[in-house]
Amino acid sequence: MDTADQLASFGTFQVLKLPLGFIRVLEWLFAIFAFATCGGYSGQLRVSVDCMEKASSNLSIGIDFGYPFRLHQVSFEAPVCEGIRRESVFLAGDYSSSAEFFVTIAVFAFLYSLFAMVVYIFFQDKYRENSRGPLIDFVVTVVFSFMWLVSSSAWAKALSDVKVATDPDEVQLLISACKVQTNKCGSVHGARWSGLNTSVVFGYLNFVLWAGNIWFVFKETIWHKGASKLVGASSEKQASTFSQQPYNQGSFDQSGSYNTQGTLSQSSEYSQVGGPTSFSNQM
């Protein structure tokens, strides 16, 4: 407990409650799920070959395959339906590049998320003091967002091709005995794809997480802080300029009242003097 208390006091675990740190935790977990569901997959399908000669039949031929899905290297023994002869049949296709690329991105994303969380928790002051750290974090986040999109899309396409290549009906076409109409070939059961389908889902979820975290990482960079300072300085300058402009209402009132009074006094004097003068002239 003493070691845990010292570790907690040394690290700033409050950052994990913020969007920047909390999303990093989710990225770390989802990366584990992505490469575990894809890299740890192994499947099996079974087909049956029923020959005219029942002694040569094999009603349950197991075909095992898995990551990295080099199906052209997967072989199984099938009867030829000519006595006890057997033939080695290989599946078709090599989808290892897309699968390995997807798992590689997931592993590196897992390692970087773990590294970023350590920096956020134990080296938060150095991370914020040096402008280079947030910039590197921002660039890496953008790159991983793009790589997650590319790798997930490539793996989704490769997975659809793997499903087609390992379909029992397609595998039967590779067996020479199944091309003879007197023999009967069938499917016992196909492979289960729930694990690989989940890996594709986690791949796109990782893309959403990394793309959404770009904004929160960008807010830590000098680019965002510099733009905020410029906006704040311009707003303060406009406010100070507006406050310094005088509003000469008093002089306007004085001049207005003076002009108004002067006009009224002149007209009143004119009416008072002019009135009797014109009356005396009429008399």
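Definitions and limits used
Residues numbered from 1 in each chain as written. Predicted model: local features only at pLDDT ≥ 70, side-chain atom pairs only at ≥ 80, totals over all residues. Heavy atoms only, no water. pLDDT = per-residue confidence, 0-100. Contact = heavy atoms within 4.5 Å. Axes fitted to C-alpha atoms, helices over the stretch in contact; angles between N-to-C directions. Helix = DSSP H or I, 4+ residues; strand = E, 2+ residues; numbered from the N terminus. Parallel < 35°, antiparallel > 145°, perpendicular 65-115°, else oblique. Left-handed = near helix turned anticlockwise from the far one by under 90°. Nonpolar A, V, L, I, M, F, W, Y, C, P; charged D, E, K, R; others polar. Core = buried A, V, L, I, M, F, W, Y, C linked by side-chain atoms within 4.5 Å. Buried < 20%, exposed > 50% of the residue type's maximum accessible area, 1.4 Å probe, protein only.

Participant: Just to check I follow, could you spell out the confidence of the model for the protein chain for this structure?
Facilitator: Regions with low pLDDT carry predicted coordinates that are not meant to be interpreted in detail. With 75% of its residues at a pLDDT of 70 or more, the protein chain shows a mean pLDDT of 81. Low confidence marks residues 230-235, where pLDDT is under 50. Its contacts with residues over four positions away, or in another chain, come to 0 contacts. Across residues 246-283, where pLDDT falls below 50, the model places 2 contacts with residues more than four positions away in sequence or in other chains.

Participant: Which parts of the structure should I look at to understand the packing of helix α2 (residues 19-39) against helix α5 (residues 132-165)?
Facilitator: What describes two packed helices is the angle between their axes and the distance between those same axes. For the pair α2 and α5, the least separation of the axes is 14 Å and the interaxial angle reads 30 degrees. On the basis of the axis angle, α2 is roughly parallel to α5. The crossing of α2 and α5 is left-handed. Facing Arg24, Ala31, Ala34 and Cys38 of α2, the residues of α5 in contact are Asp137, Thr141, Trp148 and Trp155. Class assignment of the residues belonging to the contact of α2 with α5 gives a composition of 5 nonpolar, 1 polar and 2 charged.

Participant: Is there a simple way to think about the nonpolar core in this case?
Facilitator: In summary, soluble globular proteins display a tendency toward joint burial of nonpolar side chains. Core analysis: the biggest nonpolar cluster contains 56 residues, and Ile63, Phe65, Phe69, Phe76, Trp148, Trp155 and Trp193 have the highest contact counts within it. Those elements giving two or more residues to this core turn out to be α2, β1 (42-50), β2 (58-66), β3 (75-79), α3 (96-122), α5 and α7 (194-218). The biggest single contributor to this core is α3, with 12 residues. Beyond its immediate stretch of four places on either side in the chain, Phe65 contacts Tyr41, Ser42, Gly43, Gln44, Leu45, Leu71, Val74, Val162, Thr166, Ala191 and Trp193.

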